[in-house]
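Below, each chain spelled out in residue letters.
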Amino acid sequence: MVDVDGLQFDAQVSRRIEAVYTTPDVVEQRQAVRAALALRPGDRVLDIGVGPGLLAAEMAGEVGPDGRICGIDISDSMLAIARTRADVPGGPGVELEQASVDRIPYPAESFDVVVSTQVFEYVEDVAGALREVRRVLRPAGRVVLLDTDWGSVVWRSNDDPRMARVLTAFEDHLADPHLPRTLADVLVKTGFTPTHQQVVPILNTGYDERTFSAGLIDIVSDFVPGHGDVTAEETAAWANDLRGLGDSYFFSLNRYLFVASAL
């Protein structure tokens, strides 16, 4: 997770993010990421934007006591949550530091694998960040990235123009809400060879508080008032409309997974 202007990952937002990341939707997403990582005992892994530490803890169990898991995040609140998961039975303690992707606090060639989920869409200088990732990877090391194309959202509403205004306003918190469309090209230009790409969809049918999109309603509602001329009253009406759809509720979104090897 990364702080950006307007969407601050303070204690309240961090707790909401943690709740979203424990939903079955995101548990399944982490399974796809871990399959792409294909970690082995002894691997040295850096998690950029470690967030609540769920993926880091799972990776620690995979690399075992001879491996290394490091996590960086610029949010104090996220790191505080991640620290509650830092001790993993049978794995190395997860090492956590406050840092950003544009200045990774580790020497060159420190890691076999770098992973980052839902971070690079917040980054202004993606190429610069990837060069920094390349610096800390050993030769032939791998980077695994997962980001969302927010243009892929399909969200049923009784007021489609209002839905469009709210979603457009929410994109204000991102540096590039459509990053996956160009990410492969930037990987190549910064010294990587893409080896795998796949879509990781999220589909919620019927309203259920234990879904990704239900949690997203709260996050969007916190951010959008005052952005794109969307008012607090309009935001509340938008959220109430969605929560009232019941069995008619429908949400779909695509995330994209990229695996690339360092040249």
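Residue positions are counted from 1 within each chain, in the order its sequence is given. In keeping with the predicted nature of the model, local features appear solely for residues at pLDDT of at least 70, side-chain atom pairs appear and are counted solely at 80 or more, and the whole-chain, interface and lining totals rest on all residues. Based on all heavy atoms of the structure, the side-chain values leave hydrogens and waters out of the count.

*Asks:* Got a minute to help me understand the nonpolar core in this structure?
*Replies:* Considering soluble globular proteins, one finds that nonpolar side chains tend to be buried as a cluster. We define the nonpolar core as a collection of buried residues of types Ala, Val, Leu, Ile, Met, Phe, Trp, Tyr and Cys that are connected through side-chain atoms lying within 4.5 Å of one another. Whether a residue is buried, partly exposed or exposed follows from its accessible area with a 1.4 Å probe, protein chains only, as a fraction of its type maximum: under 20%, in between, or over 50%, in that order. Counting 33 residues, the largest nonpolar core has W155, F170, L216, V224, W238, L242 and F251 as its most contacted members. A run of H or I in DSSP becomes a helix once it reaches four residues, and a run of E becomes a strand once it reaches two; helices and strands are each numbered from the N terminus. Elements with a contribution of two residues or more to this core: helix 1 (11-21), helix 6 (160-170), helix 8 (212-223), helix 9 (232-243) and strand 8 (250-262). Looking at this core element by element, the count peaks at six residues for helix 8. For this analysis, residues touch if any pair of their heavy atoms sits within 4.5 Å. Residues within four places of W155 in sequence aside, it is in contact with M163, L167, S213, L216, I217, W238, L242, Y249, F250 and F251. The next biggest cluster of nonpolar side chains, apart from the first, holds 30 residues, and it includes C70, L179, L183 and A260.

*Asks:* Teacher, can you tell me more about unusual backbone geometry here?
*Replies:* Glycine aside, residues mostly have negative phi, and peptide bonds are mostly found in the trans state. Phi at A38 takes a positive value of approximately 50°, unusual for a residue other than glycine. Note on placement: A38 falls in the loop between helix 2 (24-37) and strand 1 (44-48). Residue classification places A38 among the partly exposed positions, given a relative accessible area of 44%. Phi is positive for E109, which is not a glycine, with a value near 60°. By the secondary structure assignment, E109 is in the loop between strand 3 (95-98) and strand 4 (111-117). With relative accessibility at 46%, the residue E109 sits in the partly exposed group.

*Asks:* Help me understand the side chain of D25, please; the structure alone is not making it clear to me.
*Replies:* Mapped onto the elements of the fold, D25 is located in helix 2. A polar contact of 3.0 Å, which involves the side chain of D25, links it to the side chain of N204. In contact with D25, other than residues within four places in its own chain, are I202, L203, N204, T211 and F212. As used in this structure description, the phrase polar contact means that two N or O atoms lie within 3.5 Å; if the pair is within protein, one of them must be able to donate a hydrogen and the other to accept it, and residues adjacent in sequence are counted only when both atoms belong to side chains.

*Asks:* How should the pairing of strand 8 be read in this particular structure?
*Replies:* For a regular strand, the rule is simple: side chains alternate between the two faces of the sheet. Judged by how many residues are buried, strand 8 sits mostly within the fold: ten of 13 residues are covered. Strand pairing requires that DSSP identify at least two bridges connecting the strands. Note that strand 5 (residues 137-148) and strand 8 share seven bridges and pair antiparallel. Counted as the bridge partner of R142 is S261 from strand 8. Bridging between strand 6 (residues 154-155) and strand 8 involves two bridges; their strand directions are antiparallel. Counted as the bridge partner of V154 is S252 from strand 8. By the bridge criterion, 13 bridges tie strand 7 (residues 192-205) to strand 8 in an arrangement that is antiparallel. Within the sheet, the bridge partner assigned to P201 lies in strand 8 and is N254.

Any functional reading would require information beyond the geometric quantities listed.
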